[in-house]
Amino acid sequence: MPGETRTAAQAAEAVGCQIDQIAKSILFGCGDGCALFLTAGGNQVDAAKASALAGAALTRADADTVRRITGFAIGGVSPVGHKTPSPIWIDHRLMEFDVVWAAAGTPRHVFPIKPSDLQRITGAEPADFV
């Protein structure tokens, strides 16, 4: 993309889609690793619901943890290709679209994908966590 796509709003504007068509990769610290929540761009993760799904108290993962677990910097975390596997959940809202857009590893790269394919390749479990 010619501009940054660090935020869901920036990404939606860059690709010309609805903000909820942006699949945000939201990571929380969970023990020695992370838990990943693939969230529609306009939604926010509810910490209590997310912790209940993970079966543990979650903390916001800092930049160093995100880079160590995923190999990506915050603002460009792809939902796939992580250095260390994490449990993954996907927002039901993303499944309502024919195509969603996700970060592709940098703050300037995104890729389109069918939500069913995103769920399949990540192994994400659909859940209510927003």
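Attention here is on the structure that accompanies the text.

Parameters and conventions
Residues numbered from 1 in each chain as written. Predicted model: local features only at pLDDT ≥ 70, side-chain atom pairs only at ≥ 80, totals over all residues. Heavy atoms only, no water. Buried < 20%, exposed > 50% of the residue type's maximum accessible area, 1.4 Å probe, protein only. Helix = DSSP H or I, 4+ residues; strand = E, 2+ residues; numbered from the N terminus. Arc of directions from axis to C-beta. Contact = heavy atoms within 4.5 Å. Polar contact = N/O pair within 3.5 Å; in protein donor to acceptor, adjacent residues only side chain to side chain. 1 Å grid on protein atoms, 1.4 Å probe; cavity = no way out; pocket = protein on both sides within 12 Å on 5 of 7 lines; lining within 4 Å. Points joined across faces, edges and corners; volume = space filled by probe spheres on them. Nonpolar A, V, L, I, M, F, W, Y, C, P; charged D, E, K, R; others polar.

## Side note on helix α3 (residues 63–70)
Inspection of α3 places Thr-65, Val-66, Ile-69 and Thr-70 among the buried residues, and these make up the whole buried set. Down the axis of α3, the smallest arc covering the buried residues is 105°, so these residues share one side. Contacts made by the buried residues of α3 are with β1 (22–30) and β2 (33–40). Looking at where α3 begins, the residue whose side-chain oxygen comes 3.2 Å from the main-chain nitrogen of Asp-64 is Asp-62. Gly-71 occupies a position one or two residues after α3 and carries a positive phi of about 90°.

## Comments concerning the layout of surface pockets
Reported here for the largest pocket is a volume of approximately 470 Å³. Around the largest pocket, the lining comprises 26 residues; the ones closest to its centre are Arg-6, Lys-24, Ser-25, Ile-26 and Gly-75. Sorting the residues of the lining of the largest pocket by element identifies α1 (8–15), β1 and β5 (100–103) as the ones contributing at least two each. If you tally residues by element for the lining of the largest pocket, the top one is β1, at 6 residues. Across the lining of the largest pocket, the residue classes tally to 15 nonpolar, 8 polar and 3 charged.

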